Amino acid sequence: MRKIALFFLSFLCLGNVLAQHPCFPVDSIPQYLKSGKDYEGACKGDPEALTQFATSCRFSNPEISLLCFKNASEQGYSIATVRLADLYLQGLNGIQRDIELAKHYYQVALKQDVTGWAHFAYAYRCASGALAKADIEQAKSYWLKGAEMGNLEAQCELARFYYEGEYFEQDYVEAKKWIDKVLMQPAASSTEYTKSTVRKMLADMYERGLGVEKSASNAFQVYLADSNWVKIAECYETGHGVKANVKKALLYYEKVLANNFMEVDDACQRAVDFLEKNSKSNSGHIHFILGEHYARQASLFDNRLAYDYRRQNGEYKSFYGASPLHDKVIENWEISARSGYAKAISQLVDCYLTGNHVKADTLKATEWLKFGASKTKDKDLLYKMAWHNAKGIGMPVNEAEAVKWYAKAVKAGHHVAATNLGWCYENGFGCKVNNKKAVKYYRIAAEHGEALALNNLGFAYIRGLGVSVDHEKGIALVQKAIEKGYTQAIPNLSQVLIFGRFDVKPDYEKGAAIFRSLDDSLRHANYECLASLNSLVS
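Bear in mind that the values here come from a model prediction, so they are computed numbers and not experimental data.

Right, let's get into the overall build of the chain. Looking only at helices and strands, one finds 29 helices and zero strands in the chain. A separation threshold of at least 6 residues defines the contact pool for the chain, and within that pool the share at least 24 residues apart is 47%. Carbon and sulfur atoms form 51% of the exposed surface of the chain, whose accessible area is close to 28,200 Å².

Dropping the structure here:
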């Protein structure tokens, strides 16, 4: 009943906000729009939220959109007034196109405008001739006004117009003036794309001496500010605007490849060529980066073939492995691995195990793993070596070897290995049962937030295994494991609390509440313990 009451209350709130519009079709608001901050804010009458809510439903529910825009506009919110004018200008479903009414609301928006955005928007309406005959001079005046009021988009457009000679006579000095104003705007994620646009103009102006003194070093500083990895790498490669530095050129060309998820373009190919040419300086790392690059390109090639086949034949067909670049992936990673580069060795182990980029070969996977575990002290390779021994992957199960390698991985800082090593000592896997050592390793992993370790350590305190019994501390640790996503602990802890297992003082309410937090699909699973608990707490 409470949910139903809140449901209707939310409608009444929005109805109250728009009380001056009695025809507001409350019942027609689709369910997917009745959630989120915009809907909540719209119900409270916040003009910005009303505008956002209206914008989200202007095509699916133009009548609702119209009423929300009107309400926000009447509160003096100029962006809503521009959107309202646009609705009348476009004449969307069920709303009759009315040029005169659109003109009226645009004028209202200009009077309300305090940020310059309405002037910026109206300038485009004038330039396009959407309201009447195109009037470029009028548009120019509104662009200037919006920019002078501090609107970032208007300032950026003026910079571009003067830079390119569009609408205004080409004037690089004026372009520089407006570029500077854009770059002086406060930093925000919403401004970065705009700032990047003007930085590209500014760098070109410094490179060619357009409206500013020609300066390669200034251009380089702009490239740095814009995070233009390609240009920065080229400058370090050639000594343009900065002292040539092969190591830094390599670093930035790596960034070019790491951020390229599309087909190879000229900049990407230049990066590949430079890395291959200078691979001897850091063979392991560079060949690993090249292998990653070829792996992405191979996947793109295979996926494109699959996409084209599906488009032509109406069904899916895998083309995995079709790209000739798969060979270059393995070639580069093997070169990298032979130099002892741990990440490449790890990738090769996975590739030979799964058949990714190469035909599956468990023997080769094991050879590379043994090579890596013995040659490096990489914690992930040491952990893999332990796991493979424990599970018999590519080698016979060897519990004692698993314990040995888990210990090495823990020493190298692998926290999951600490959990596993604790489990080995608790259960006598490859070693004698030693609860004190089990607790020691569980604690190491738990201190780094490992959920399973928190659970196991908690139950050690509950049961008094390797530590003195401390029910309160144990229950708190298990609850922390649950909070970190270890849902398997929920039924176990629930039983402890409901039935008073391990001499814990029974607490039905707390145990039932914990069990009810379990996902419904798991609560109703066909397991005896879950079924009995579910029956008990329902």
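On we go.
Each aromatic ring pair is specified by the distance between its two centres and by the angle formed by the two planes. In this structure the tally under the stated criterion is 23 aromatic pairs. When the ring of Tyr163 is compared with that of Tyr172, the centres are 6.0 Å apart and the planes differ by 75°; the resulting orientation is edge-to-face. Classification of Tyr163 as buried rests on a relative accessible area of 16%. Each member of the aromatic cluster is reached from another via a ring pair, and the members are Phe120, Tyr124, Trp143, Phe161, Tyr162, Tyr167 and Phe168. Taking NZ or CZ as reference, Lys255 lies 4.9 Å from the ring centre of Trp229, over its face. One residue, Lys408, lies across the ring of Trp405, its end atom 4.3 Å from the ring centre.

As a further point, take the layout of surface pockets. Each pocket or cavity is described by its volume, and for the largest pocket that value is around 220 Å³. Lining the largest pocket we find 16 residues, and of these Glu426, Asn455, Phe459, Arg463 and Phe502 sit closest to its centre. Elements represented by at least two residues in the lining of the largest pocket include exactly α23 (435-446), α24 (451-463) and α26 (489-499). Of all the elements, α24 adds the most residues to the lining of the largest pocket, at five residues. Its residues assigned to classes, the lining of the largest pocket shows eight nonpolar, five polar and three charged.

All right, on to the confidence of the model for the chain then. Of all residues in the chain, 89% attain a pLDDT of 70 or more, and the chain-wide mean is 89. In this model residues 1-26 is a low-confidence stretch, pLDDT under 50, and it forms 37 contacts with partners more than four residues away in sequence or in other chains.

A separate point is the pattern of salt bridges. Counted according to the given criterion, the structure contains 19 salt bridges. Of the charged contacts in the structure, one is a salt bridge between Asp86 and Arg125, with a shortest N-O distance of 2.9 Å. A residue pair is termed long-range when its members are at least 10 positions apart, and Asp86 in helix α5 (residues 78-90) and Arg125 in helix α7 (residues 117-128) qualify at 39 residues. The partner of Glu157 in a salt bridge is Arg160, with the nearest N and O atoms 3.1 Å apart. Pair noted here: Glu157 and Arg160 are both in helix α9 (residues 152-164), with a separation of three residues, about one helical turn. One network of salt bridges, with partners in common, ties together Glu157, Arg160, Glu164 and Glu166.

In this section: a negative patch on the surface. Together, Asp273, Glu276, Asp327 and Glu331 make up a region of like negative charge exposed at the surface. Contributions of two or more residues to the negative patch are made by α15 (266-277) and α17 (325-338). Within the secondary structure layout, Glu276 lies in helix α15.

Soluble globular proteins tend to bury their nonpolar side chains together. Trp143 and Tyr406 are the most contacted members of the largest nonpolar core, which has 149 residues in total. In this structure Tyr406 touches Tyr383, Ala386, Trp387, Ala390, Ala417, Asn420, Leu421 and Cys424, once residues within four positions along its chain are discounted.

Criteria and cut-off values
- Residues numbered from 1 in each chain as written.
- Predicted model: local features only at pLDDT ≥ 70, side-chain atom pairs only at ≥ 80, totals over all residues.
- Heavy atoms only, no water.
- Helix = DSSP H or I, 4+ residues; strand = E, 2+ residues; numbered from the N terminus.
- Contact = heavy atoms within 4.5 Å.
- Areas by Shrake-Rupley, 256 points an atom, 1.4 Å probe, with all protein chains shown as cover.
- Phe/Tyr/Trp six-rings, centres within 6.5 Å; stacked < 30°, edge-to-face > 60°.
- Buried < 20%, exposed > 50% of the residue type's maximum accessible area, 1.4 Å probe, protein only.
- Lys NZ or Arg CZ within 6 Å of the ring centre and 35° of its normal.
- 1 Å grid on protein atoms, 1.4 Å probe; cavity = no way out; pocket = protein on both sides within 12 Å on 5 of 7 lines; lining within 4 Å.
- Points joined across faces, edges and corners; volume = space filled by probe spheres on them.
- Nonpolar A, V, L, I, M, F, W, Y, C, P; charged D, E, K, R; others polar.
- pLDDT = per-residue confidence, 0-100.
- Salt bridge = Lys/Arg side-chain N within 4 Å of Asp/Glu carboxyl O.
- Patch = residues over 30% accessible without salt bridge, like charges linked within 9 Å, V, L, I, M, F, W, Y side chains within 5 Å.
- Lys, Arg positive; Asp, Glu negative; His and termini not counted.
- Charge placed at Lys NZ, Arg CZ, Asp CG, Glu CD.
- Core = buried A, V, L, I, M, F, W, Y, C linked by side-chain atoms within 4.5 Å.

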